[in-house]
Amino acid sequence: MDDRSGSPEAARLNPGVAHNARVWNYWLGGKDHYPADREVGERVFGMFPNIVHVARADRAFLGRVVGHLAGEAGVRQFLDVGTGLPTVDNTHEVAQRLAPESRIVYVDNDPLVLVHARALLTSTPEGATDYVDADARDTATILREAARTLDLTRPVAVMLLGILNFVLDTEEALSIVRGLMDAVPSGSYLALTHPTLELGGEANVEAMRFWNEHATPPITARTGEEITHFFDGLDLLDPGLVSCSLWRPDLLESPVQISQYGALARKP
Ligand SMILES: C[S@@+](CC[C@H](N)C(=O)[O-])C[C@H]1O[C@@H](n2cnc3c(N)ncnc32)[C@H](O)[C@@H]1O
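What comes next concerns the included structure. (Residues numbered from 1 in each chain as written. Predicted model: local features only at pLDDT ≥ 70, side-chain atom pairs only at ≥ 80, totals over all residues.)

**A look at the site of the ligand**
Taken together, 21 residues lie around the ligand, and Ala 21, Gly 82, Gly 84, Asp 110 and Leu 161 are the ones closest in. Counting only elements with at least two residues in the shell around the ligand, the list comes to helix H2 (20–27) and helix H4 (51–70). In the shell around the ligand, the residues fall into 9 nonpolar, 6 polar and 6 charged. (Near = placed C-beta within 6 Å. Helix = DSSP H or I, 4+ residues; strand = E, 2+ residues; numbered from the N terminus. Nonpolar A, V, L, I, M, F, W, Y, C, P; charged D, E, K, R; others polar.)

**Describing the environment of Pro 111**
Residue position: Pro 111 is located in helix H6 (residues 111–115). On the basis of neighbour counts, which here come to 21 C-beta atoms within 10 Å, the residue Pro 111 falls in the buried class. Between the C-alpha atom of Pro 111 and that of Ala 21, which follows or precedes it by 90 residues, the distance is 9.4 Å. (Buried ≥ 20, exposed ≤ 12 C-beta atoms within 10 Å, placed from the backbone.)

**Topic: the nonpolar core**
Among the nonpolar cores identified, the biggest contains 76 residues, and Leu 79, Ala 157, Val 158, Met 159, Leu 160, Tyr 189 and Ala 191 are the most heavily contacted of them. Looking at which element gives the most residues to this core, the answer is H4, with 10 residues. If near-sequence neighbours (up to four positions away) are discounted, Ala 157 is found in contact with Leu 69, Val 75, Gln 77, Phe 78, Ser 188, Tyr 189 and Ala 191. (Core = buried A, V, L, I, M, F, W, Y, C linked by C-beta atoms within 7 Å. Contact = placed C-beta atoms within 7 Å.)

**A closer look at the environment of Glu 126**
Tracing the chain through its elements places Glu 126 in the loop between H6 and strand E4 (128–133). With 30 residues separating them in the primary sequence, Glu 126 and Gln 96 have C-alpha atoms 9.0 Å apart. Non-local contacts of Glu 126, meaning those with residues more than four positions away in its chain, are made with Pro 100 and Glu 101.

Below is the structure:
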């Protein structure tokens, strides 16, 4: 893997400790991870084999949600916070396939995602992509930097997929959502996924405890009721908050329930 040894990013990489973006990439079958990431990834898989289905179902949800937004909903601006390492069908690829003029801003705080960000910046000529190296908690910086690419007076799809689970304090997680959604106009959307110990996720207790002892950043699960509050003041689209694999599945799929909630809501 190209870790740009000697660069400022390389100093932040800390390859000896498993990092979420890299382990997520490992579970997705990617190639951007270190031995420490693979070891933790395998241990978690041993305790909670469904983690691989969770990672893949979460990405498939991203594809269907962005497809709906760029398609029938007519959204042309996306703010994808907690992007992850580039993989197949990143947000800009799905959106620009349907609407080449789509503009996408990616945000992550992982140094390896920053190193690989150029793979996220391959926009169509009609559209635009940008990358912001920031913590999700720093909504002021995110909005200021995003405004270089997005017109925040026009609808934006805010995407928080698999990231609020790394903000352990629920009030703080709620304030991130409020900070972002208050800054975008009526007609904007919130897409969100979040792990839970419900929906068959009970076996994840042990795996999450192991993660918190051996990897970074620390993670938490939330109940469906807690996750519903992230959508307060917004109109949930059908089918509401469900296992993300069951959110408008493709006709040819036979999806099974997984312990990752997902939903899409519109700001009235
Ligand atoms: C589980 S991955 C999800 C990636 C992608 N959204 C997806 O659904 O496939 C979570 C991502 O959130 C990023 N992340 C975690 N905590 C963060 C924070 N406080 N600020 C910004 N990004 C964060 C991680 O680096 C990682 O890339």
